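# Summary of the model geometry
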Amino acid sequence: MTTTDWITDIALLLVVFRQLREDRLDAKTYLIPLGIVAFVAHSYLDSVPTAGNDLVLIGALVAVGAALGIAGGVYTRVRQVGTHLFIKAGAVSAALWVLGMGARMGFQLWVDHGGADDVARFSLAHQITTGDAWVAAFVLMALTEVVTRLGTIFLRGRMATREQRQPAAAGSRAAVAADRSV
């Protein structure tokens, strides 16, 4: 692994640790992780191989990324205080994030330190045509995990603001009805 690999992997791990303390949900909540995965995608994703079972591998890892991202977003607390939304990653959310990011980092370390032959045999047996398929699968898994987690948090934030507005609107309708009954 290169220094850049280490820095980006650690930066992605630190994203969720930053959210272990409650903080305002704002643009940087979205832009920092999206910027990191955009950099990774730009740096490592040259193509998406489609021969053999490459798309099966890519699809499987993208599905894992989506499941981890959605679950991580569900297990992130979203609440509204006044006009601001706040989020806090819970233990489950952090564990899922570390599992996804750590698995990719662990796989890369394993391949670099003796696992390359095993991956080559697996690839040959399962008609995965190139190492680029593995790169694309893991990069797209990370991208999917980040996007689905942020999308889930965004939707939960929208629901939280809608829920806060509805009781206020119901209360004002009741007050109007009470005024008319007098």
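Here the structure is a predicted model, which is why all the values come from computation and not from measurement.

### As for the overall build of the protein
Of regular secondary structure, the protein possesses five helices and three strands. Helices (α) and strands (β) of the protein occur, in sequence order from the N terminus, as α-β-α-α-β-β-α-α. In terms of overall size, the protein is more extended than a compact globule, its C-alpha atoms giving a radius of gyration of 21 Å where 182 residues would be expected to give roughly 16 Å. Each of the three principal axes of the protein carries a C-alpha extent, and together these read 85 × 30 × 25 Å. Relative to its full complement of 182 residues, the protein shows a buried share of 36%.

### Quick word on the packing of aromatic side chains
Under the definition given, this model contains six aromatic pairs. Here tyrosine 30 and phenylalanine 154 contribute two aromatic rings whose centre-to-centre distance is 6.4 Å and whose plane-to-plane angle is 70°, an arrangement assigned as edge-to-face. Of this pair, tyrosine 30 sits in helix α2 (residues 27-44) while phenylalanine 154 sits in helix α5 (residues 131-181); the two residues are 124 residues apart in sequence, bridging distant segments of the chain. Residue class for tyrosine 30 comes out buried when judged on its relative accessible area of 19%. Among the residues examined, phenylalanine 154 registers a relative accessible area of 42% and is labelled partly exposed. When the ring of tryptophan 134 is compared with that of phenylalanine 138, the centres are 6.3 Å apart and the planes differ by 25°; the resulting orientation is stacked. Taken together, the residues tryptophan 134 and phenylalanine 138, both in helix α5 and four residues apart, mark about one turn of the helix. This pair shows no difference in class: tryptophan 134 is buried, exactly as phenylalanine 138 is. Among the aromatic residues, ring-to-ring pairing joins Phe107, Trp110, Phe122, Trp134 and Phe138 into one connected group.

### So, the packing of helix α1 (residues 3-18) against helix α4 (residues 91-125)
Close contact between α1 and α4 brings their axes to 9 Å; oriented N to C, the two are set at 170°. Our classification of the angle between α1 and α4 gives roughly antiparallel. In this structure, α1 contributes Asp5, Trp6, Asp9, Leu12, Leu13, Val15, Val16 and Phe17 to the contact, and α4 contributes Ser93, Ala94, Trp97, Val98, Met101, Gly102, Met105, Gln108 and Leu109. A class-by-class count of the residues in the contact of α1 with α4 yields 12 nonpolar, three polar and two charged.

### Comments concerning a nonpolar patch on the surface
A cluster of nonpolar side chains, contributed by Trp6, Ile10, Leu14, Phe17, Leu20 and Val98, occupies part of the molecular surface with about 490 Å² of accessible area. The dominant element in the nonpolar patch, judged by the number of residues it contributes, is α1, at four residues. The residue tryptophan 6 is located in helix α1 in this model.

What counts as what
Residues numbered from 1 in each chain as written. Predicted model: local features only at pLDDT ≥ 70, side-chain atom pairs only at ≥ 80, totals over all residues. Heavy atoms only, no water. Helix = DSSP H or I, 4+ residues; strand = E, 2+ residues; numbered from the N terminus. Rg over C-alpha atoms; globule rule 2.2 N^0.38 Å. Buried < 20%, exposed > 50% of the residue type's maximum accessible area, 1.4 Å probe, protein only. Phe/Tyr/Trp six-rings, centres within 6.5 Å; stacked < 30°, edge-to-face > 60°. Axes fitted to C-alpha atoms, helices over the stretch in contact; angles between N-to-C directions. Parallel < 35°, antiparallel > 145°, perpendicular 65-115°, else oblique. Contact = heavy atoms within 4.5 Å. Nonpolar A, V, L, I, M, F, W, Y, C, P; charged D, E, K, R; others polar. Patch = residues over 30% accessible without salt bridge, like charges linked within 9 Å, V, L, I, M, F, W, Y side chains within 5 Å. Areas by Shrake-Rupley, 256 points an atom, 1.4 Å probe, with all protein chains shown as cover. Salt bridge = Lys/Arg side-chain N within 4 Å of Asp/Glu carboxyl O.

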